[in-house]
Amino acid sequence: MDAGLGLRPRPGAAWTGRRKPQGFPPATVPAARLDQNPARRPLVLRSDAGSRSTDPIRGASLKGLCCHKSAGMMGSGKTTVGKIIAEVLGYSFFDSDKLVEQSVGIPSVAEIFQVHSEAFFRDNESEVLRDLSSMHRLIVATGGGAVIRPINWSYMRKGLTIWLDVPLDALARRIAAVGTASRPLLHQESGDPYAKAYAKLTALFEQRMDSYANADARVSLENIALKQGHNDVNVLTPSAIAIEALLKMESFLTEKAMVRN
Ligand SMILES: Nc1ncnc2c1ncn2[C@@H]1O[C@H](COP(=O)(O)OP(=O)(O)OP(=O)(O)O)[C@@H](O)[C@H]1O
Ligand SMILES: O=C(O)C1=C[C@@H](O)[C@@H](O)[C@H](O)C1
Ligand SMILES: [Mg+2]
């Protein structure tokens, strides 16, 4: 990691990759798009015990963070939460699914799967991740299946990786609320959107859980709910999840620094 990087306002990430798809890098997240939850306000974070923790914007402990990749199942909130983290840190945000769409010139992942194949999509996803891996000060929401290719880990490891761990029931509810059409791996069978999303997500998670567990830090929605004194992961706001992710990033970097010293 680049130890010289601080958390000053975003100067914009520089493109150093081989290819430059149209519109890349995309516009960064519009300012002030955080949700209205009060959790957005406390940039001076406090632990459960109420003791003061490091301010993620000005705090020294996150210095050295160059980029962060959020991994997790489809619908886990990588894009939603990733944008918030980028805004808080003043980093650029990239969504690898969007970059593949731009680079292939096809407007949706579902269409890429249909016109070409999953393998074609995965090859392009790896290229995008490789290109992003040479950039600094950015947050990347990876595609949900990026973890399955070992080569992608060599790119993702250039930064800090976070696994957004969301119970399958909550994932299936979120996806059912918007339909499965945009998620080709969940759209193959007929039936009610919740049932087919839940069944397929269960099978995918079985195959992938060991890969997700390779992440540097795990953000468990069940644990956040417990910290808040309940067990309903469905009421957790993206901001609350982003704050937990920032705390996990901070802990990871602090532990790493302690090991080094
Ligand atoms: N904390 C949350 N509570 C409720 N709904 C959420 C939360 N976070 C995200 N969502 C919703 O869940 C859906 C999936 O979120 P998002 O697109 O961010 O997931 P993703 O991990 O990027 O998925 P994919 O891998 O398919 O790209 C969206 O409709 C989003 O609005
Ligand atoms: O989990 C997956 O395999 C996928 C997740 C999405 O982000 C897209 O990358 C695509 O729909 C495949
Ligand atoms: Mg996404």
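Each remark here, short or long, concerns the structure printed above.
Reading the values: rules and limits
- Residues numbered from 1 in each chain as written.
- Chains lettered and ligands numbered in written order.
- Predicted model: local features only at pLDDT ≥ 70, side-chain atom pairs only at ≥ 80, totals over all residues.
- Heavy atoms only, no water.
- Near = heavy atom within 4 Å.
- Polar contact = N/O pair within 3.5 Å; in protein donor to acceptor, adjacent residues only side chain to side chain.
- Areas by Shrake-Rupley, 256 points an atom, 1.4 Å probe, with all protein chains shown as cover.
- Helix = DSSP H or I, 4+ residues; strand = E, 2+ residues; numbered from the N terminus.
- Nonpolar A, V, L, I, M, F, W, Y, C, P; charged D, E, K, R; others polar.
- Expected span 1.5 Å × (residues − 1).
- Buried < 20%, exposed > 50% of the residue type's maximum accessible area, 1.4 Å probe, protein only.
- Contact = heavy atoms within 4.5 Å.
- Salt bridge = Lys/Arg side-chain N within 4 Å of Asp/Glu carboxyl O.
- Axes fitted to C-alpha atoms, helices over the stretch in contact; angles between N-to-C directions.
- Parallel < 35°, antiparallel > 145°, perpendicular 65-115°, else oblique.
- Left-handed = near helix turned anticlockwise from the far one by under 90°.
- Phe/Tyr/Trp six-rings, centres within 6.5 Å; stacked < 30°, edge-to-face > 60°.

Asks: Whenever I open this one, the site of ligand 2 confuses me. Can you help?
Replies: Close contacts around ligand 2 come from Met74, Asp97, Val109, Phe121, Arg122, Gly143, Gly144, Gly145, Pro184, Leu185 and Arg208, and that covers them all. Separating an oxygen atom of ligand 2 from a side-chain N or O atom of Asp97 is a distance of 2.6 Å. Between ligand 2 and Gly145, the relevant distance is 3.3 Å, taken from an oxygen atom to a main-chain nitrogen or oxygen of the residue. About the coverage of ligand 2: the protein hides 95% of its 310 Å² of free accessible area.

Asks: Sorry if this is basic, but what is going on with the site of ligand 1 here?
Replies: Residues in contact with ligand 1 amount to 17 residues; listed here are only the nearest, Gly75, Lys78, Thr79, Thr80 and Arg183. One of the side-chain N or O atoms of Arg174 is found 3.5 Å from a nitrogen atom in ligand 1. The side chain of Arg183 places a nitrogen or oxygen atom 2.6 Å from an oxygen atom of ligand 1. Protein chains shield 76% of the accessible area of ligand 1, which is 630 Å² for the free molecule. Elements represented by at least two residues in the shell around ligand 1 include exactly helix H1 (78-89), helix H6 (168-178) and helix H9 (238-260). It is H1 that contributes the most residues to the shell around ligand 1, three residues altogether. Of the residues contributing to the shell around ligand 1, the split by class is six nonpolar, seven polar and four charged.

Asks: Would you take a moment to explain H1 for this structure?
Replies: Owing to its 3.6 residues per turn, the α-helix brings residues three or four apart onto one side. Relative to the 16 Å expected for twelve residues at 1.5 Å per residue, H1 spans 16 Å between its end C-alpha atoms, a close match to the ideal helical length. Of all twelve residues in H1, nine are buried, a share of seventy percent or more. Two residues or fewer after H1 comes Gly90, characterised by a positive phi angle close to 75°.

Asks: Is there a simple way to think about unusual backbone geometry in this case?
Replies: The bulk of non-glycine residues show a negative phi, and the bulk of peptide bonds are trans. Even without being a glycine, Arg137 presents a positive backbone phi close to 55°. Mapped onto the secondary structure, Arg137 falls in the loop between helix H4 (118-132) and strand S3 (138-141).

Asks: Looking at this model, I keep getting lost on H4. Mind explaining?
Replies: Taking 1.5 Å per residue, 15 residues should reach 21 Å; H4 reaches 21 Å between its end C-alpha atoms and fits that length. When H4 is considered as a whole, its buried residues turn out to be Phe121, Arg122, Asn124, Glu125, Ser126, Val128, Leu129, Asp131 and Leu132. Those residues of H4 that are buried lie in contact with strand S2 (92-95), helix H2 (96-104), helix H3 (109-115), S3, helix H5 (150-156) and helix H7 (193-212).

Asks: Just checking my understanding: could you explain the pattern of salt bridges for this structure?
Replies: Two side chains that carry opposite charge are able to pair once their charged atoms sit near each other. Enumeration according to the criterion identifies nine salt bridges in this entry. A salt bridge links Arg122 to Glu118; its shortest N-O distance comes to 3.0 Å. Of the two residues, Arg122 and Glu118 both sit in helix H4, four residues apart, roughly one turn of that helix. With a relative accessible area of 31%, Glu118 lands in the partly exposed category. Across the salt bridge formed by Arg218 and Asp165, the nearest N and O atoms sit 2.8 Å from each other. Taken together, the positions of Arg218 in strand S5 (residues 217-220) and Asp165 in strand S4 (residues 160-165) put the pair 53 residues apart, joining distant regions of the chain. Overall, Asp165 belongs to the buried group, its relative accessible area being 13%.

Asks: Looking at this structure, how should I read the packing of H6 against H7?
Replies: Relative placement of two packed helices is described by the angle separating their axes and the distance separating the axes. Look at H6 against H7: their axes get within 8 Å of each other, and the N-to-C directions meet at 135°. On the basis of their axis angle, the class for H6 and H7 is oblique. Crossing of H6 over H7 shows right-handed handedness. Here H6 contributes Leu168, Asp169, Leu171, Ala172, Arg173, Ile175 and Ala176 to the contact with H7, which in turn contributes Pro193, Tyr194, Ala197, Tyr198, Leu201, Thr202 and Phe205. Across the contact of H6 with H7, the residue classes break down as eleven nonpolar, one polar and two charged.

Asks: I keep staring at the packing of aromatic side chains and nothing clicks. Help me out?
Replies: A ring pair, where both rings are aromatic, is described by two values, the distance of the centres and the angle of the planes. Counting across every chain of the model gives five aromatic pairs. Seen from their ring centres, Phe113 and Phe121 are 5.3 Å apart, and the 45° between their planes marks the pair as tilted. Phe121 carries the same exposure label as Phe113, and that label is buried. Among the aromatic side chains, those forming a connected cluster through ring pairs are Trp163, Phe205 and Tyr212.

Asks: I would appreciate a short explanation of the side chain of Ser76 in the present structure.
Replies: You can see Ser76 is positioned in the loop between strand S1 (67-71) and H1. Looking at Ser76, the relative accessible area reads 2%, which means it is buried. Excluding residues that lie within four positions of it along the chain, Ser76 makes contacts with Leu164, Val166, Leu171 and Arg174.

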